[in-house]
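So you can see what is in the structure, the chains are spelled out below.
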Amino acid sequence: MKRVFALFFSPTGGTGKVVKSMARSFAVASGCDYSEIDVTLPGKRESAPRFGADDVVFFGVPVYIGRVPNLIRPFFASIKGCRAIAGTVDGVIDGSGNGVKDGAVGIPVVTYGNRAYDDALIELRDIMEQNGFRTIAAAAFPAEHSFSTTLAGGRPNENDLQLAENFGRKIAEILTKNPHYICNAHTPIAVPGNPPPYSYYKAVINNNKSIDIRKVKPLTDTLKCTGCGLCARLCPMGSINISDPSIVDGICIKCGACIKRCPKGAKSITDPDYLEHKRLLEAEFGNIVRKAELFYTI
Ligand SMILES: Cc1cc2nc3c(=O)[nH]c(=O)nc-3n(C[C@H](O)[C@H](O)[C@H](O)COP(=O)(O)O)c2cc1C
Ligand code: SF4
Ligand code: SF4
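Each chain has its residues counted from 1, following the order in which its sequence is written. Chain A is the first chain written and ligand 1 is the first ligand written, with later ones labelled in order. With the structure being a predicted model, the display of local features is reserved for residues of pLDDT at least 70 and the display and counting of side-chain atom pairs for 80 or more, all residues being used for whole-chain, interface and lining totals.

**Here's the deal with the overall build of the protein chain**
Here comes step 1: Looking only at helices and strands, one finds seven helices and eleven strands in the protein chain.
Here comes step 2: What the globule rule says is 2.2 Å times the number of residues to the power 0.38, and the radius of gyration is computed from C-alpha atoms. A compact globule built from 298 residues would reach a C-alpha radius of gyration of about 19 Å, and the protein chain, at 20 Å, matches this within 12%.
Here comes step 3: Dimensions of the protein chain along its principal axes, counting C-alpha atoms only, are 60 × 40 × 35 Å.
Here comes step 4: Think of it this way: build a C-beta for each residue from its backbone, and any pair within 7 Å is a contact. Excluding contacts between residues fewer than 6 apart, the proportion of contacts in the protein chain whose partners are at least 24 apart in sequence is 75%. Helix numbers and strand numbers start at the N terminus; a helix is a DSSP run of H or I with at least 4 residues, a strand a run of E with at least 2.

**Here's the deal with the site of ligand 3**
Here comes step 1: Near ligand 3 lie 15 residues; those nearest to it are Cys-235, Cys-252, Cys-255, Ala-257 and Cys-258.
Here comes step 2: Throughout this entry, Asp, Glu, Lys and Arg are counted as charged residues, while Ala, Val, Leu, Ile, Met, Phe, Trp, Tyr, Cys and Pro are counted as nonpolar. The remaining residues, Gly among them, count as polar. Broken down by class, the residue content of the shell around ligand 3 amounts to twelve nonpolar, two polar and one charged. As used in this record, a residue near a molecule or strand is one whose C-beta atom, placed from the backbone, is within 6 Å of it.

**Details of the site of ligand 2**
Here comes step 1: Surveying the vicinity of ligand 2 reveals 13 residues, the closest of which are Cys-225, Cys-228, Cys-231, Pro-245 and Cys-262.
Here comes step 2: Residue classes in the shell around ligand 2 are distributed as seven nonpolar, four polar and two charged.

**Considering the environment of Ile-253**
Here comes step 1: Mapped onto the elements of the fold, Ile-253 is located in the loop between α5 (230–234) and α6 (257–261).
Here comes step 2: For Ile-253 and Cys-82, which are 171 residues apart along the polypeptide, the C-alpha to C-alpha distance reads 30 Å.
Here comes step 3: Among all residues touching Ile-253, those that are not within four sequence positions of it are Pro-69, Leu-71, Pro-236 and Met-237.

**Re the environment of Asn-178**
Here comes step 1: Position of Asn-178 among the secondary structure elements: in the loop between α4 (158–177) and β7 (204–205).
Here comes step 2: Judged by C-beta crowding, with 11 C-beta atoms within 10 Å, Asn-178 ranks as exposed.
Here comes step 3: Taking the C-alpha atoms as reference points, Asn-178 and Glu-284, separated by 106 residues in sequence, lie 44 Å from one another. Partly exposed residues are those whose C-beta has more than 12 but fewer than 20 other C-beta atoms within 10 Å; 20 or more makes a residue buried and 12 or fewer makes it exposed, with C-beta atoms placed from the backbone.

**A word on the pairing of strand β1 (residues 3–8)**
Here comes step 1: In terms of burial, β1 is a largely internal element, five of the six residues being buried.
Here comes step 2: Pairing of β1 with strand β2 (residues 33–38) involves six bridges; the strand directions are parallel. Within the sheet, the bridge partner assigned to Arg-3 lies in β2 and is Asp-33.
Here comes step 3: The handedness of a crossover follows from its direction of travel: if, with the strands pointing away from the viewer, the path from the first strand over the helix to the second runs clockwise, the crossover is right-handed. Crossover β1 to β2 through helix α1 (residues 14–30) is right-handed.
Here comes step 4: For two strands to pair, DSSP has to find at least two bridges joining them. Where β1 meets strand β3 (residues 55–62), six bridges bridge the pair, whose relative direction is parallel. Along β3, the bridge assignment pairs Ala-6 with Phe-58.

**Structural notes on the domain arrangement of the protein chain**
Here comes step 1: An automatic or database domain assignment supplies the residue ranges for each domain. In terms of domain boundaries, the protein chain breaks down into domain 1 (3–199 + 288–296) and domain 2 (214–270).
Here comes step 2: Averaged C-alpha coordinates put domain 1 and domain 2 at centres separated by 28 Å.
Here comes step 3: With nine residues of domain 1 in contact, the opposing surface of domain 2 contributes ten residues.

**Structural notes on unusual backbone geometry**
Here comes step 1: Cis rather than trans, the peptide bond between Arg-155 and Pro-156 has omega equal to 5°.
Here comes step 2: With respect to the helices and strands, Pro-156 occurs in the loop between β6 (137–142) and α4.
Here comes step 3: The linkage connecting Pro-196 with the following residue, Pro-197, adopts the cis geometry, with an omega of 0°.
Here comes step 4: Residue Ile-65 is not a glycine yet carries a positive backbone phi of 40°.

**Notes on α1**
Here comes step 1: In this model, α1 (17 residues) spans 25 Å end to end at C-alpha, consistent with the 24 Å of a helix rising 1.5 Å per residue.
Here comes step 2: Judged by how many residues are buried, α1 sits mostly within the fold: 14 of 17 residues are covered.
Here comes step 3: Gly-31 sits one or two positions beyond α1 and adopts a positive phi of about 80°. Residue count minus one, scaled by 1.5 Å, sets the expected span of a helix.

**A short note on the nonpolar core**
Here comes step 1: Counting 59 residues, the largest nonpolar core has Val-57, Phe-58 and Val-110 as the members making the most contacts within it.
Here comes step 2: Of all the elements in the fold, those that place two or more residues in this core are β1, α1, β3, β4 (105–112), α3 (120–130), β6 and α4.
Here comes step 3: Residue contacts for Phe-58: discarding those within four places in its chain leaves Phe-5, Ala-6, Leu-7, Val-19, Met-22, Ala-23, Ile-107 and Val-109. We define a nonpolar core as a collection of buried residues of the types Ala, Val, Leu, Ile, Met, Phe, Trp, Tyr and Cys that are connected via C-beta atoms lying within 7 Å of each other.

**Digging into the environment of Gly-43**
Here comes step 1: Within the fold, Gly-43 resides in the loop between β2 and β3.
Here comes step 2: Sequence spacing of Gly-43 and Cys-231 is 188 residues, and the spatial spacing of their C-alpha atoms is 15 Å.

**Points about the packing of α1 against α4**
Here comes step 1: An axis is simply a line fitted to the C-alpha atoms; with a helix, the fit covers only the stretch in contact. Between two such axes, the angle follows the N-to-C directions and lies from 0 to 180 degrees. At their nearest, the axes of α1 and α4 sit 7 Å apart, and the two run at 40° to each other. For the element pair α1 / α4, the angle class is oblique. Relative to α4, α1 is oriented so that their crossing is right-handed. Seen from α1, the contacting residues are Lys-17, Val-18, Ser-21, Met-22, Ala-23, Arg-24, Ser-25, Phe-26, Ala-29 and Ser-30; seen from α4, they are Asp-160, Leu-161, Ala-164, Glu-165, Phe-167, Gly-168, Arg-169, Ile-171, Ala-172, Glu-173, Leu-175 and Thr-176.
Here comes step 2: Each residue belonging to the contact of α1 with α4 can be placed in one class, and the counts come to eleven nonpolar, five polar and six charged. Orientation categories follow fixed angle ranges, with anything under 35 degrees roughly parallel, anything over 145 roughly antiparallel, 65 to 115 roughly perpendicular, and all other angles oblique. If you view the pair so one helix is near and one far, a crossing is left-handed when the near helix is turned anticlockwise from the far one by less than a right angle, and right-handed when it is turned clockwise.

This is the structure in structure tokens:
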């Protein structure tokens, strides 16, 4: 155990804040070297990081419709937690990761916008285990919803980040005090959620009409937009045209980065189904105060 990583996909920053707090406090408590790997932008996902036995990886992703973000999942599934071992395919012994002896320690972390994290945490845990990580702890944190400023508005807040720091320290303490904790038969950390096939959340609006917002894209108020190009540089899908930022010529995952981070407030989604879905979410979950959930066994 020599290096600790905060690895994250975080279009609007909530997930990044949580895993960075965890991994930094782990580093201080354990004396490991600390690094950040931010895979939010497409350029950072051109090649997948690979980890090994000396590494501890806090891996954070946001929950999208109850799951790991589906368009980024193939990239997440290419991140290996162990080096190739004789008799294995690319370092992976079997689907559960059982028996992998030189995998990195993995801590799957999801953030969600106050509704629910459904099967996302178990899915992320399974992705990591299948790639040779040994998951020994996990966490789910509320964080401001990508669609809204009131659903988990302002979170992660100071208390959340304090909890994240304490969690990082706790994991360092477990691993330092119990060096054999991960060496013998490894059981993936138990987390809530259903085994495969994982379920997507089915968003419905009035009269139980299901909504399909896959083709919805943000619009740009050209009177407000200065053409600074920030939104194009921040888009995790590389979908905003840098020469004309009012053009979204690729896939939009509704991550909210361009809308929330435009300095002029020039981007918005005006699709009626999207707005109604957002209104219903805010009405149902806006006043609930969710607590972070932490999972570890010692
Ligand atoms: C397409 C999409 C679907 C989402 N689905 C859910 C969901 O099922 N449950 C939930 O509570 N939050 C959901 N969210 C909110 C995000 O999980 C939450 O805002 C997350 O913390 C954003 O992380 P970031 O700040 O790192 O981008 C969704 C967000 C998007 C963009
Ligand atoms: S960040 Fe806002 S102001 Fe800058 S180009 Fe994009 S829409 Fe225009
Ligand atoms: S265009 Fe879509 S995917 Fe790109 S930053 Fe905006 S909301 Fe996110």
